[in-house]
Amino acid sequence: MTPLKSPQDAVRTLGEFIREQRSGSQISLRQLAKQAGISNPYLSQIERGLRKPSAEILQQIAKALRISAETLYVHAGLLESTDGVRTDAAPGPTASAIEADEYLTERQKQILLEIYHSFRRENSAGNTQD
């Protein structure tokens, strides 16, 4: 069983995730800060895990990165994903296989996981409407 992460670890993990998304999109720190409407130093502090951004700032960053705000909220520990899986929970076999694939980049893994979780949510919603 995976131990729960401390709030400080969650902030660091969020910052690492944002940095990975930014790098994968080939956007500089300065460009992302400008697009999100925040200062370079503040974004740098978020990426290094020194600052915990508000939900509003996360929404602005998500929009600039063209990812869902929900994804950042889950990584920040502000929200459980709609399929009930937290990012600090032990992953299932499919998610573990994606994470372990050495031929995928971190960005590709994240995109596949987002798609996988969206299918699970869609199928769960469909099962409750029957």
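Read on for an overview of the structure. Predicted, not measured: the structure shown is a model, and the values here were computed from it.

## Notes on the nonpolar core
Thinking step 1. Membership of the largest hydrophobic core comes to 22 residues, with the highest contact counts inside it found for Ile 18, Leu 32, Ile 38, Ile 61 and Leu 72.
Thinking step 2. Elements with a minimum of two residues in this core: helix H1 (7-24), helix H2 (29-36), helix H3 (40-47), helix H4 (55-65) and helix H5 (69-76).
Thinking step 3. Among the elements that make up this core, the one with the highest residue count is H4 (6 residues).
Thinking step 4. Not counting the four nearest positions on each side in its chain, Leu 32 is found in contact with Ile 18, Arg 22, Ile 27, Leu 43, Ile 61, Ala 64 and Leu 65.

## Focus: unusual backbone geometry
Thinking step 1. The backbone phi angle of Gln 26 is positive, close to 55°, even though this residue is not glycine.
Thinking step 2. Looking at where Gln 26 falls in the secondary structure, it is placed in the loop between H1 and H2.
Thinking step 3. The exposed category is assigned to Gln 26, whose relative accessible area is 71%.
Thinking step 4. For Arg 66, which is not a glycine, the phi torsion comes out positive at approximately 60°.
Thinking step 5. Here Arg 66 lies in the loop between H4 and H5.

## Re a nonpolar patch on the surface
Thinking step 1. A contiguous nonpolar patch, built from Ile 111, Ile 115 and Phe 119 and spanning about 260 Å² of accessible area, is present on the exposed surface.
Thinking step 2. Its place among the elements puts Ile 111 in helix H7 (residues 106-128).
Thinking step 3. With a relative accessible area of 36%, Ile 111 lands in the partly exposed category.

## Remarks on H3
Thinking step 1. Within H3, burial applies to Tyr 42, Leu 43, Ile 46 and Glu 47. Each buried residue of H3 lies within a common arc of 135° when the element is viewed along its axis, so the set occupies one face.
Thinking step 2. Sitting at the amino-terminal end of H3 is Ser 39, which places a side-chain oxygen 3.2 Å from the backbone nitrogen of Tyr 42.
Thinking step 3. At the exit of H3 stands Gly 49, carrying a positive phi of roughly 80°.

## Quick notes on H5
Every α-helix carries 3.6 residues per turn, so stepping three or four residues along brings you back to the same face.
Thinking step 1. A large share of H5 lies buried, amounting to 7 of its 8 residues.
Thinking step 2. Burial in H5 covers these residues: Ala 69, Thr 71, Leu 72, Tyr 73, Val 74, His 75 and Ala 76.
Thinking step 3. The first or second residue beyond H5 is Gly 77, which carries a positive phi of 80°.

## Things to note about the pattern of salt bridges
Thinking step 1. A full pass over the atoms with the stated rule returns 2 salt bridges.
Thinking step 2. Put simply, Arg 19 and Glu 47 hold a salt bridge, and the shortest N to O gap is 3.6 Å. In this pair, Arg 19 sits in helix H1 while Glu 47 sits in helix H3, placing the two residues 28 residues apart along the sequence.
Thinking step 3. Assessed through its relative accessible area of 31%, Arg 19 is described here as partly exposed.
Thinking step 4. Taking the relative accessible area as the measure of exposure, Glu 47 reaches 4% and is therefore buried.

Each value, and the rule that gives it
- Note on numbering: residues in each chain are counted from 1, in written sequence order.
- In keeping with the predicted nature of the model, local features appear solely for residues at pLDDT of at least 70, side-chain atom pairs appear and are counted solely at 80 or more, and the whole-chain, interface and lining totals rest on all residues.
- Hydrogens and waters are ignored; side-chain quantities use all the structure's heavy atoms.
- In plain words, nonpolar cores are sets of buried Ala, Val, Leu, Ile, Met, Phe, Trp, Tyr and Cys residues tied together by side-chain atoms within 4.5 Å.
- Buried means the residue's accessible area, taken with a 1.4 Å probe over protein chains only, is under 20% of the maximum for its type, while exposed means over 50%, and partly exposed covers the values in between.
- A run of H or I in DSSP counts as a helix once it spans at least four residues, and a run of E counts as a strand once it spans at least two, with each numbered from the N terminus.
- Two residues qualify as a contact provided that any one of their heavy atoms is within 4.5 Å of a heavy atom in the partner residue.
- Here a patch means residues that are over 30% exposed by relative accessible area and free of salt bridges, tied together within 9 Å if like-charged and within 5 Å if nonpolar (Val, Leu, Ile, Met, Phe, Trp, Tyr).
- Note that accessible areas follow from Shrake-Rupley with a 1.4 Å probe, and for residues the cover is restricted to the protein chains shown.
- For salt bridges, the criterion is a side-chain nitrogen of Lys or Arg within 4 Å of an Asp or Glu carboxyl oxygen.
- To be clear, the arc concerns the directions from the helix axis to the C-beta atoms.
- Any pair of nitrogen or oxygen atoms within 3.5 Å is treated as a polar contact; in protein, a donor-acceptor pairing is required on top of that, and neighbouring residues in sequence qualify only through side-chain atoms on both sides.

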